[in-house]
Amino acid sequence: MSFVWESSVLAIIAFGILYFLLNKYAFGPLFSVMEKRRELVLQQMDEAAKTREQAVSYVEEQKQALQQARQEAQLIIQQSQATSSNQVDRILEQAKSEAARLKDEAVRDIDNEKNKAVEALRSELGTASVRIASKLLEKEVKADGEQEQLVDQYLKEVGGRS
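Bear in mind that the values here come from a model prediction, so they are computed numbers and not experimental data. (Residues numbered from 1 in each chain as written. Predicted model: local features only at pLDDT ≥ 70, side-chain atom pairs only at ≥ 80, totals over all residues. Heavy atoms only, no water.)

Peer 1: Is there a simple way to think about the overall build of the protein in this case?
Peer 2: Each helix and strand in the protein was counted, giving two helices and zero strands. Entry remark: accessible area of the protein is about 15,100 Å², with carbon and sulfur atoms responsible for 60%. (Helix = DSSP H or I, 4+ residues; strand = E, 2+ residues; numbered from the N terminus. Areas by Shrake-Rupley, 256 points an atom, 1.4 Å probe, with all protein chains shown as cover.)

Next up, the structure:
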């Protein structure tokens, strides 16, 4: 194997011409496309980072909103429980007072009816007693002539004194 100087020089010259042509027509546009692609990738990475940050902040906002909604719901539940408890207490108190009022009215009505019944009974008892007494007196006066003599004697004495 021998070294040929002419072919080496010719290869170097061909390489130089090829390099010059590639540099002038291919490397510039190729590097330009690669640079644009690099810038696009960097821009997309920046946008992705911003989008990720926005997503993280949005998730945080949603978490805070959810936490606030839970707190508000808990507050509403507590308020409704307190309100219902107050209403239950108020209704129970009203029911107790109404029951006491009805009981008092019933006791008064019972006392009034009892008093009326006692008065009616006394009236009837008095009437019955008078009837019984008059029947007994009538029976005794009729049965006994002695009674009649006593009454006449008394009338004479009373009449004699006048």
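Having seen it, we continue.
Peer 1: So what exactly am I meant to see when it comes to the pattern of salt bridges here?
Peer 2: Here the idea is simple: oppositely charged side chains can pair when their charged atoms come close. Summed over the entire model, instances satisfying the criterion amount to four salt bridges. A salt bridge links Glu-35 to Arg-38, with the shortest nitrogen-to-oxygen separation between them at 2.7 Å. Of this pair, Glu-35 and Arg-38 both sit in helix H1 (residues 5-143), three residues apart, which is roughly one turn of the helix. Residue Glu-35 is classed as partly exposed on the basis of its relative accessible area, which comes to 32%. With a shortest N-O distance of 3.9 Å, Lys-116 and Glu-113 are connected by a salt bridge. Residue Lys-116 and its partner Glu-113 are located together in helix H1, separated by three residues, close to a single helical turn. (Salt bridge = Lys/Arg side-chain N within 4 Å of Asp/Glu carboxyl O. Buried < 20%, exposed > 50% of the residue type's maximum accessible area, 1.4 Å probe, protein only.)

Peer 1: Would you mind showing me how to read a nonpolar patch on the surface here?
Peer 2: Judged by side-chain polarity, Val-9, Ile-13, Ile-17, Phe-20, Leu-21 and Tyr-25 come together as a nonpolar surface patch covering roughly 620 Å² of accessible area. With respect to the helices and strands, the residue Val-9 is situated in helix H1. (Patch = residues over 30% accessible without salt bridge, like charges linked within 9 Å, V, L, I, M, F, W, Y side chains within 5 Å.)

That's the geometry; what it means functionally is another story.
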